[in-house]
Amino acid sequence: MNGLSTVFILVGLFLLGGVYSFWKQKIPKSVIVLMAIASAMCLVAGVMRLEVWN
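Because the structure is a prediction, the values reported are computed rather than measured.

Some thoughts on the overall build of the chain
Scanning the chain for helices and strands turns up two helices and zero strands. Relative to the compact-globule value of 10 Å for 54 residues, the chain shows a C-alpha radius of gyration of 13 Å, a clear excess of over 25%. In terms of overall dimensions, the chain has C-alpha extents of about 40 × 15 × 10 Å along its principal axes. When the 54 residues of the chain are sorted by exposure, 22% land in the buried category. Pairs at least 24 residues apart make up 63% of the contacts formed inside the chain by residues separated by at least 6 positions. A total accessible area of about 4000 Å² is found for the chain, and carbon and sulfur atoms account for 78% of it.

Here we look at the packing of helix H1 (residues 3-24) against helix H2 (residues 29-48)
At their nearest, the axes of H1 and H2 sit 7 Å apart, and the two run at 160° to each other. If you check the angle between H1 and H2, you find them roughly antiparallel. Judged by the twist between their axes, the crossing of H1 over H2 is left-handed. Here Ser5, Phe8, Ile9, Val11, Gly12, Leu13, Leu15, Leu16, Gly18, Val19, Phe22 and Trp23 of H1 come into contact with H2, specifically with Lys29, Val31, Ile32, Met35, Ala36, Ala38, Ser39, Cys42, Leu43, Ala45, Gly46 and Val47.

Comments concerning the nonpolar core
Leu15, Val19, Ile32, Met35 and Cys42 form the largest nonpolar core, which has five residues in total. At the level of elements, H1 and H2 are the ones that each hand at least two residues to this core. Of the residues forming this core, the biggest block, three residues, is contributed by H2. For leucine 15, the residues in contact, after removing those within four places along its chain, are Met35, Ala38, Ser39 and Cys42.

With respect to H1
Helix length check: H1 (22 residues) gives 32 Å between terminal C-alpha atoms against 32 Å at 1.5 Å per residue, within 8%. Buried within H1 we find Ser5, Ile9, Gly12, Leu15, Gly18 and Val19.

Rules and cut-offs
Just so you know, the residues in each chain are numbered from 1, in the order the chain's sequence is written. Residue-level local features of this predicted model are given only where pLDDT is at least 70; pairs of side-chain atoms are given and counted only at 80 or more, and the full residue set underlies all totals for whole chains, interfaces and linings. Water and hydrogen atoms were dropped before computing side-chain values, which therefore reflect all heavy atoms in the structure. Helical segments are the DSSP runs of H or I of at least four residues, strand segments are the runs of E of at least two, and each set is numbered from the N terminus. The atom set for the radius of gyration is the C-alpha atoms, and the globule formula is 2.2 Å times the number of residues raised to the power 0.38. Burial status follows relative accessibility: with a 1.4 Å probe on protein chains alone, a residue under 20% of its type maximum counts as buried, one over 50% as exposed, and anything between as partly exposed. Whether two residues are in contact is decided by their heavy atoms, any of which lying within 4.5 Å being enough. Every accessible area reported is derived by Shrake-Rupley at a probe size of 1.4 Å, with residue values counting cover from the shown protein chains alone. Inter-axis angles, ranging from 0 to 180 degrees, are taken between N-to-C directions of lines fitted to C-alpha atoms, where helices are fitted over the stretch in contact. In these notes the angle categories are as follows: under 35 degrees is roughly parallel, over 145 is roughly antiparallel, 65 to 115 is roughly perpendicular, and the rest is oblique. In a left-handed crossing the near helix is turned counterclockwise from the far helix by less than a right angle, and in a right-handed crossing that turn is clockwise. Buried Ala, Val, Leu, Ile, Met, Phe, Trp, Tyr and Cys residues form a nonpolar core when they are joined through side-chain atoms within 4.5 Å. By definition here, a helix of n residues has an expected span of 1.5 Å times n minus one.

Right, dumping it as structure tokens:
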């Protein structure tokens, strides 16, 4: 596990927490969907960069 994959995973989890927080605050759905997509992309990028796939 290198540094960049760790950063991607942490940013993805941070954004996922933001999605949950925005959902509880009743923020418009378009913002929540955009943040959820960004979170999913960060998490997938972090997982794909892990060394176990090589």
